[in-house]
Amino acid sequence: MATEKNYGNPQLEDKLRDRYFYTEDSHPDFLADVEKIGRTIAHMCFQCGTCTGSCPSAPRSSYRIRLFVRRAVLGLEDEALTDPDLWLCTTCYSCTDRCPRDIAPTDVIMAMRNLAFKRDIVPRNFLKTAQLIYTTGHGVPNNDVNRAAREKLGLTRDPPTTHGYPEFIPGIQKILDYYKLKENADRILAEEGQ
Ligand code: SF4
Ligand code: SF4
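Caption draft 1: Spatial organisation of the packing of helix α8 (residues 124–136) against helix α10 (residues 169–178). Interhelical geometry of α8 versus α10 gives an angle of 140 degrees and a closest axis separation of 7 Å. For the element pair α8 / α10, the angle class is oblique. Facing Ala130, Ile133, Tyr134, Thr135 and Thr136 of α8, the residues of α10 in contact are Ile169, Ile172, Gln173, Leu176 and Asp177. Residues belonging to the contact of α8 with α10 are distributed by class as follows: six nonpolar, three polar and one charged.

Put into structure tokens, the structure is as follows:
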């Protein structure tokens, strides 16, 4: 556990916080959870760096996939799940294509995002997308401008999806209700006044 200095000043506390990792900081269940959800052998990582070298997000941000795999192996749950960089992976799968250990770092990230969502740590756009899918069956629904454009192209105003066949929407809602996805999205957004 990090040493508490008790300066009595939250800003100073954060600036001078203990950055060493201690054995007690490690949650072994975290690695097990990540491997179970991601269905990948993260513990085989030997930190070669090929994943970060392949990553399109790395040159433009502080996001380092190799660091996240390391955090999984060391059980550093809080560091991984509270890091905003967790959401910068484009899921391009370049790291997975190239890892010499046959790990799927992309799926390590997807597992961590699942675990973060369970703690209500999730970017708002994901929640809005969940709401749209619930009501329309589409993450990006049709709109009147596109309907007019489709008409000009000789197409039906709505595509042959849940837009054209809304009777299938309750089936989608049943799936989302089972996982309480819409319920949680509504709650988190309401708590933030959105
Ligand atoms: S490419 Fe694979 S083995 Fe190399 S650091 Fe990334 S996850 Fe670990
Ligand atoms: S899948 Fe994610 S972590 Fe892997 S290379 Fe692509 S953006 Fe980077």
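Caption draft 2: Layout of the nonpolar core. Ranked by size, the top nonpolar core spans 33 residues in total, and within it Val34, Ile65, Phe68 and Met112 carry the most contacts. When residues of this core are traced back to their parent elements, those giving at least two are α2 (28–38), α4 (65–74), α5 (77–81), α7 (105–117), α8 and α11 (181–191). With six residues, the single largest contributor to this core is α7. Among all residues touching Phe68, those that are not within four sequence positions of it are Tyr63, Ala80, Asp83, Asp85, Leu86, Ile109 and Met112.

Caption draft 3: Structural detail: the site of ligand 1. Close contacts around ligand 1 come from Cys45, Phe46, Gln47, Cys48, Gly49, Thr50, Cys51, Arg66, Cys99, Pro100, Arg101 and Pro105, and that covers them all. Residues that form the shell around ligand 1 fall into these classes: seven nonpolar, three polar and two charged.

Caption draft 4: Inspection of the site of ligand 2 at higher detail. In the vicinity of ligand 2, the contacting residues are Cys55, Pro56, Tyr63, Ile65, Cys89, Thr90, Thr91, Cys92, Tyr93, Ser94, Cys95 and Thr106. Its residues assigned to classes, the shell around ligand 2 shows eight nonpolar, four polar and no charged.

Caption draft 5: Inspection of the environment of Pro100 at higher detail. In this structure, Pro100 sits in the loop between α6 (94–98) and α7. Taking the C-alpha atoms as reference points, Pro100 and Cys51, 49 residues apart in sequence, are found 9.4 Å from one another. Beyond its immediate sequence surroundings of up to four residues, Pro100 is in contact with Phe46, Cys48 and Thr50.

Caption draft 6: Local environment of α11. Buried within α11 we find Lys182, Ala185, Ile188 and Leu189. In an axial view of α11, the angular spread of the buried residues amounts to 135 degrees, which keeps them on one side of the axis. Residues of α11 that are exposed and point more than 90 degrees away from the buried face comprise Glu183, Ala190 and Glu191. Contacts from the buried residues of α11 go to α7, α8 and α10. Gly193 sits one or two residues past α11 and shows a positive phi near 70 degrees.

Caption draft 7: The arrangement of the side chain of Arg71 in detail. Relative to the helices and strands, Arg71 resides in helix α4. Among the residues examined, Arg71 registers a relative accessible area of 12% and is labelled buried. Beyond its immediate stretch of four places on either side in the chain, Arg71 contacts Phe30, Leu76, Glu79, Ala80 and Asp83.

Caption draft 8: Examining the environment of Ser61 more closely. On the secondary structure map, Ser61 appears in the loop between α3 (50–54) and α4. Ser61 sits 118 residues away from Tyr179 along the chain, and the two C-alpha atoms are 33 Å apart. A polar side-chain atom of Ser61 sits 3.1 Å from the main-chain amide nitrogen of Tyr63.

Reading the values: the criteria
- Residues numbered from 1 in each chain as written.
- Chains lettered and ligands numbered in written order.
- Predicted model: local features only at pLDDT ≥ 70, side-chain atom pairs only at ≥ 80, totals over all residues.
- Heavy atoms only, no water.
- Axes fitted to C-alpha atoms, helices over the stretch in contact; angles between N-to-C directions.
- Helix = DSSP H or I, 4+ residues; strand = E, 2+ residues; numbered from the N terminus.
- Parallel < 35°, antiparallel > 145°, perpendicular 65-115°, else oblique.
- Contact = heavy atoms within 4.5 Å.
- Nonpolar A, V, L, I, M, F, W, Y, C, P; charged D, E, K, R; others polar.
- Core = buried A, V, L, I, M, F, W, Y, C linked by side-chain atoms within 4.5 Å.
- Buried < 20%, exposed > 50% of the residue type's maximum accessible area, 1.4 Å probe, protein only.
- Near = heavy atom within 4 Å.
- Arc of directions from axis to C-beta.
- Polar contact = N/O pair within 3.5 Å; in protein donor to acceptor, adjacent residues only side chain to side chain.

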